[in-house]
Amino acid sequence: MAKLKHEAALVKEAIRIGGVYMEKRGAGKIEATDSASDKITAIYRLLVLDKLIQPLAKGEDNEPNMKHKLALWIERQLPDGHPLKEG
């Protein structure tokens, strides 16, 4: 699994957008006091449940892999020419 060029920024954006998605869907709310790990896990599981991303293989579902999946997901959502989108 190759790390993306702007992976940290993409994960941050995925948490922001994923939190909005979670709230609009009525699946909960991301609070500022929630840990980054909790936010990543909650958004990852919701996206898998809604079949918006493929689940990780058993034993591979750890935080670094979830971050990578979220980064890939949000990168596909960004419009062409976005600064975080790899050229």
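Residues numbered from 1 in each chain as written. Predicted model: local features only at pLDDT ≥ 70, side-chain atom pairs only at ≥ 80, totals over all residues. Heavy atoms only, no water.

(A) Quick peek at the side chain of Glu7. Residue placement: Glu7 occurs in helix H1 (residues 7–25). We classify Glu7 as buried; its relative accessible area is 9%. Of the polar contacts made by the side chain of Glu7, one reaches the side chain of His68; its length is 3.1 Å. Excluding residues within four positions of it along the chain, Glu7 makes contact with Lys67, His68 and Ala71. (Helix = DSSP H or I, 4+ residues; strand = E, 2+ residues; numbered from the N terminus. Buried < 20%, exposed > 50% of the residue type's maximum accessible area, 1.4 Å probe, protein only. Polar contact = N/O pair within 3.5 Å; in protein donor to acceptor, adjacent residues only side chain to side chain. Contact = heavy atoms within 4.5 Å.)

(B) Here's a closer look at the packing of H1 against helix H2 (residues 36–49). H2 packs onto H1 with a crossing angle of 60 degrees between their chain directions and a minimal axis gap of 10 Å. When the interaxial angle is binned, H1 and H2 end up oblique. Helix-helix and strand crossings are classified by hand; for H1 and H2 the assignment is left-handed. Contacts from Val11, Ala14, Ile15, Gly18, Gly19, Tyr21, Met22 and Arg25 of H1 reach H2 at Lys39, Ile40, Ala42, Ile43, Leu46, Leu47 and Leu49. Its residues assigned to classes, the contact of H1 with H2 comprises eleven nonpolar, two polar and two charged. (Axes fitted to C-alpha atoms, helices over the stretch in contact; angles between N-to-C directions. Parallel < 35°, antiparallel > 145°, perpendicular 65-115°, else oblique. Left-handed = near helix turned anticlockwise from the far one by under 90°. Nonpolar A, V, L, I, M, F, W, Y, C, P; charged D, E, K, R; others polar.)

(C) Quick look at the environment of Pro83. Of note, Pro83 is situated in the segment after helix H3 (63–77). Taking the relative accessible area as the measure of exposure, Pro83 reaches 65% and is therefore exposed. When the C-alpha atoms of Pro83 and His6 are compared, they prove to be 9.2 Å apart, with 77 residues separating the residues in sequence.

(D) Focus on the pattern of salt bridges. Evaluation of the coordinates by the stated rule reveals four salt bridges. Across the pair Glu63 and Lys67 runs a salt bridge, and its minimum N-O distance is 3.9 Å. Placement of the pair is Glu63 and Lys67 together in helix H3, with a separation of four residues, close to one helical turn. Of the residues examined, Lys67 reaches a relative accessible area of 32% and is grouped as partly exposed. (Salt bridge = Lys/Arg side-chain N within 4 Å of Asp/Glu carboxyl O.)

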